[in-house]
Amino acid sequence: MTTIAFIGLGNMGNPMAANLVKAGHKVVGFDLVPENLALAREHGLILAEDGPSAVKEAEVVVTMLPAGKHVLSVYGEIAPWAPKGALFIDSSTIDVESARKAHAIARENGLSSIDAPVSGGTGGAAAGTLTFMAGGSKEAFALAEPVLQPMAGRIVHCGEDGAGQAAKICNNMILGISMIGVAEAFVLGEKLGLSHQALFDVASTSSGQCWSLTSYCPVPGPVPASPANRDYKPGFAAALMLKDLKLSQEAAQAAGAATPLGAEAAQLYSLFNAQGGGGADFSGIINFLRGAKI
Ligand code: NAD
């Protein structure tokens, strides 16, 4: 049994922490929202008054927060209170620069750390099947792996500090671009009188095949589990896709990489969000491309 502090008990953090409790760990939780704390108590977490009291006896600290500014502020607040040698795991999706700063704060306080963002959404968080993409030293990764296991389907060590965040935003840039591509093809097919099923049957076994088509098809019918079959209820909200695409574009600018389709995808998701699509699943962008009312 490991004593774990879990900070950030929202849509993802709460079910992830619940899986750590189920695995037999002592989990001390903190969040700013009383409803999230109440749910965490039901999941068997011990509640702390604030961040510093959550971490003061922790061997491992997991954070699952909205963005880089929250992670840096929480790290600044709690790192001095954690026992020396404790392992900090940040699973939030944040920009690479903030992730590297978070590692530096941990190091200055005698802690080890990894960035370990996830893919798999709230369903994967509840089922304990998330993919973790980890960045940090080999030693820190070796310490983190058994802690991540009860929350994970797959754990990949991507490289040094920030490499987990880099992998996450590159993957999601592919996803955003490919979803728009698949949606455009269905919209064109509709105009050409092609049935959804016929296009799916051909493209899913041809060179147009990709995850956005075969696992997450943006039209109802061909893939019964995709959000298109439940009026685009997320799933993975378009607002979160926009967040990740913006992170990819910030990183591309900072690193001097040309990502013209990533930039275009960010613009299209910005427009979809501005028209009220942010709460819909990101595959709902097909309705925006059709010019339909959101
Ligand atoms: P969420 O908004 O539901 O949860 C974030 C939680 O952090 C909230 O409960 C908030 O109260 C808490 N928080 C903020 N500041 C805090 C502070 N100073 N101290 C303590 N708690 C604080 O968000 P989420 O959907 O759980 O996502 C968390 C992270 O995971 C984000 O970075 C998101 O991009 C990423 N992510 C989300 C999904 C998804 O499908 N929801 C999938 C993959 C990755």
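Keep in mind that what you see is a predicted model, and the values were worked out from it rather than measured. (Residues numbered from 1 in each chain as written. Predicted model: local features only at pLDDT ≥ 70, side-chain atom pairs only at ≥ 80, totals over all residues. Heavy atoms only, no water.)

Q: Even after reading the chapter, I still don't get unusual backbone geometry, so can you show me in this structure?
A: In terms of backbone geometry, most residues other than glycine have negative phi values and most peptide bonds are trans. In this structure, G235 follows P234 across a cis peptide bond, with omega equal to 10 degrees. Relative to the elements of secondary structure, G235 occurs in the loop between α10 (211–214) and α11 (238–255). A positive phi angle, near 55 degrees, is found at D231, a position not held by glycine. Along the chain, the position of D231 falls in the loop between α10 and α11. Not every positive phi belongs to a glycine, and Y232 is a case in point at roughly 65 degrees. Relative to the assigned elements, Y232 resides in the loop between α10 and α11. (Helix = DSSP H or I, 4+ residues; strand = E, 2+ residues; numbered from the N terminus.)

Q: Explain the site of the ligand here, please?
A: The ligand sits among 23 residues. The nearest are N11, M12, D31, N36 and K243. N11 places a main-chain nitrogen or oxygen 2.9 Å from an oxygen atom of the ligand. One of the side-chain nitrogen or oxygen atoms of N36 is found 2.8 Å away from an oxygen atom of the ligand. Burial of the ligand by the protein chains amounts to 85% of its free accessible area of 830 Å². (Near = heavy atom within 4 Å. Polar contact = N/O pair within 3.5 Å; in protein donor to acceptor, adjacent residues only side chain to side chain. Areas by Shrake-Rupley, 256 points an atom, 1.4 Å probe, with all protein chains shown as cover.)

Q: What's the story with the domain arrangement of the protein chain in this structure? I'm lost.
A: Many structure descriptions define interface size as the accessible area lost when the parts assemble. With domains assigned, the protein chain is organised as domain 1 (3–160) and domain 2 (166–289). Taking the mean C-alpha position of each, domain 1 and domain 2 sit 29 Å from one another. At the junction of the two partners, domain 1 supplies 11 residues and domain 2 supplies 8 residues. Here domain 1 and domain 2 share an interface that buries about 720 Å² over both sides, 67% of which is from carbon and sulfur atoms. Broken down residue by residue, the surface that domain 1 buries against domain 2 is led by T93, V96 and M133, which jointly contribute 51%. Taken together, domain 1 and domain 2 are joined by 0 salt bridges. Linking domain 1 with domain 2 are 3 residue pairs in polar contact (both at pLDDT 80 or more), by the criterion used here. Class assignment for the residues of the side of domain 1 that touches domain 2 results in 8 nonpolar, 2 polar and 1 charged. (Domains from an automatic or database assignment. Contact = heavy atoms within 4.5 Å. Buried area = accessible area lost by both parts, 1.4 Å probe. Salt bridge = Lys/Arg side-chain N within 4 Å of Asp/Glu carboxyl O. Nonpolar A, V, L, I, M, F, W, Y, C, P; charged D, E, K, R; others polar.)

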